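Inside the fold
One letter stands for each residue in the lines below.
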Amino acid sequence: MGRRLAGVCVLLLMSLPACGQGGRQPGAELGAVGDVREGFTVGLLLPGEGPDRPLFTRALESLCPRCHVQYANAAGDRARQGRQIGRMLADGVRVLVLDAVDPEAAAPWVARAKLSGAKVVAYDRLANGPVDAYVATDPARVGREQALALLGAMKIAGPVLLLNGPAGDPYAARVKRGLHAVLDGRVTIGWERDLARPDEAVREVAAAVAALGGAAKVAGVCCASEAVAEAAAAEMARAGMAGVPLVAHGGRPAAPERLRAGTRAATVSTDVAAEASAAARLVVEVAGGRTVYGTAVVSNGTTVSIPAVLVPPAVVTKATAHEAPAPGTARGRGARPH
């Protein structure tokens, strides 16, 4: 009797799928939510208009011809972006590429996506919550390159102004650390502020000039984005600081013209095509349930050991402005709403 029961058990075990296959197609991985051969829908959630959508769509099509991109533009409204995530999840989208309007506020939505069985690739801004992977321009290198450009452009020894991004933005915090890694001990940082909005630069430049004893005392200005630089440059012109070097982080179409005109000493820009291509690769990997490898591992404050692909930035000066990427293929943080 015991031998017959054992034989029945063996036959039952042989009839079950191999461990971990569970009816999946050959080649599929554990935790997969999409198959490249059949195609799947990818939700692309951006905070505003830019070159990212067409570049990402083309990159994804090259890797997954049957995949479809469902696009949503939050127009800088974090509540709207939350609703867009909810609608995509309700539509059955199980892979999201999220460029968060507000990285901290995105955490509950990322958690909801994970509870729904979806994969989340954080794009450009590192959203809080249990994201699966991250792609962006390397923020530490952005800060270092900005600092080196500022040092190279300074004409006098004196205090510099640092106008950073929002205090709650993890990307801005990493750029800031990169700046200080180069500047600390080499120059005097006479005025430094974390700006919630680009227009706050007008007030901060005016306050810095007054506190430091006049425009002639300022040796240089470094801005977190092209939008901040635009506001700072307007106040610098009013204050008589036309010759003071101004370094930005941006890729707006007018940036090369400003460099050639001398109103910028340098700008550090993003290769959006490289970012979009990396995001498409990560999408295919997380959708297939494969282990994701990047160029680094990052933490967003709620999740540790997030695999990340960090794209190197490009430094553009007056001498190289003619080589700058064409409009629509580069951007900086200034191209995003704060």
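This write-up is about the structure you can find in this document. (Residues numbered from 1 in each chain as written. Predicted model: local features only at pLDDT ≥ 70, side-chain atom pairs only at ≥ 80, totals over all residues. Heavy atoms only, no water.)

What follows concerns the environment of Ser 299. Position of Ser 299 relative to the elements: it lies in the loop between strand E11 (296-298) and strand E12 (306-311). For Ser 299, a relative accessible area of 32% gives the class partly exposed. Residues Ser 299 and Pro 170 lie 129 residues apart in sequence; the distance between their C-alpha atoms is 9.4 Å. Contacts of Ser 299, omitting those with residues within four sequence positions, involve Leu 126, Arg 174 and Val 304. Side-chain polar atoms of Ser 299 contact the backbone nitrogen of Gly 301, separated by 3.3 Å. (Helix = DSSP H or I, 4+ residues; strand = E, 2+ residues; numbered from the N terminus. Buried < 20%, exposed > 50% of the residue type's maximum accessible area, 1.4 Å probe, protein only. Contact = heavy atoms within 4.5 Å. Polar contact = N/O pair within 3.5 Å; in protein donor to acceptor, adjacent residues only side chain to side chain.)

Right, let's get into the pattern of salt bridges. A full pass over the atoms with the stated rule returns 14 salt bridges. For Arg 197, the salt bridge identified is with Asp 199, shortest N-O distance 3.1 Å. The network of salt bridges with shared partners includes Arg 193, Arg 197, Asp 199, Glu 200, Arg 203 and Glu 204. (Salt bridge = Lys/Arg side-chain N within 4 Å of Asp/Glu carboxyl O.)

For the structure on display, the rule yields one disulfide. Residue Cys 64 pairs covalently with Cys 67 via a disulfide, S to S 2.0 Å. What sets the handedness of the Cys 64 and Cys 67 disulfide is the S-S torsion sign, and at about 75 degrees it is right-handed. Like Cys 64, the residue Cys 67 is buried in the burial classification. The thiol sulfur of Cys 222 is not disulfide-bonded, and the nearest other cysteine sulfur, from Cys 223, lies at 6.7 Å. The exposure class of Cys 223 is buried, given its relative accessible area of 1%. (Disulfide = S-S within 2.5 Å.)

Spatial ordering of the open sheet is given by E2-E1-E3-E4-E5-E12-E11, a layout of seven strands whose pairing is mixed. Looking at strand neighbours, the two that pair on one side only are strand E2 (68-73) and E11, the edges of this open sheet. Neighbour-to-neighbour, the strand axes of the sheet open up by a mean angle of 25 degrees, direction not taken into account. By the bridge criterion, three bridges tie E11 to E12 in an arrangement that is antiparallel. Note that in E12 the partner of Val 298 across the bridge is Ile 306. (Pairing = 2+ DSSP bridges. Axes fitted to C-alpha atoms, helices over the stretch in contact; angles between N-to-C directions.)

Quick look at the side chain of Glu 275 now. Inspection of the secondary structure puts Glu 275 in helix H10 (residues 272-287). With a relative accessible area of 0%, Glu 275 lands in the buried category. There is a polar contact of 2.9 Å between the side chain of Glu 275 and the backbone nitrogen of Thr 137.

Attention shifts here to the packing of aromatic side chains. Taken as a whole, this structure holds zero aromatic pairs when the rule is applied. Arg 193 extends its terminal NZ or CZ atom over the ring of Trp 191, reaching a point 4.0 Å from the ring centre. (Phe/Tyr/Trp six-rings, centres within 6.5 Å; stacked < 30°, edge-to-face > 60°. Lys NZ or Arg CZ within 6 Å of the ring centre and 35° of its normal.)

A few words now on the environment of Glu 204. By the secondary structure assignment, Glu 204 is in helix H7 (residues 200-212). For Glu 204, a relative accessible area of 8% puts it in the buried group. Along the primary structure Glu 204 and Asp 194 are separated by 10 residues, whereas in three dimensions their C-alpha atoms are 10.0 Å apart.

Attention now moves to the nonpolar core. A general trend in soluble globular proteins is that nonpolar side chains are found buried together. Residues Phe 40, Val 42, Phe 56, Leu 60, Val 97, Tyr 123 and Val 283 are the most contacted members of the largest nonpolar core, which totals 30 residues. Elements represented by at least two residues in this core include exactly strand E1 (41-46), helix H2 (52-63), E2, strand E3 (95-98), strand E4 (119-123), strand E5 (133-137) and H10. Among the elements that take part in this core, H10 stands out by supplying 10 residues, more than any other. Ignoring any residue separated from it by four or fewer positions in sequence, one finds Phe 40 in contact with Gly 34, Asp 35, Cys 64, Arg 66, Cys 67, His 68, Val 95, Val 283 and Ala 287. (Core = buried A, V, L, I, M, F, W, Y, C linked by side-chain atoms within 4.5 Å.)

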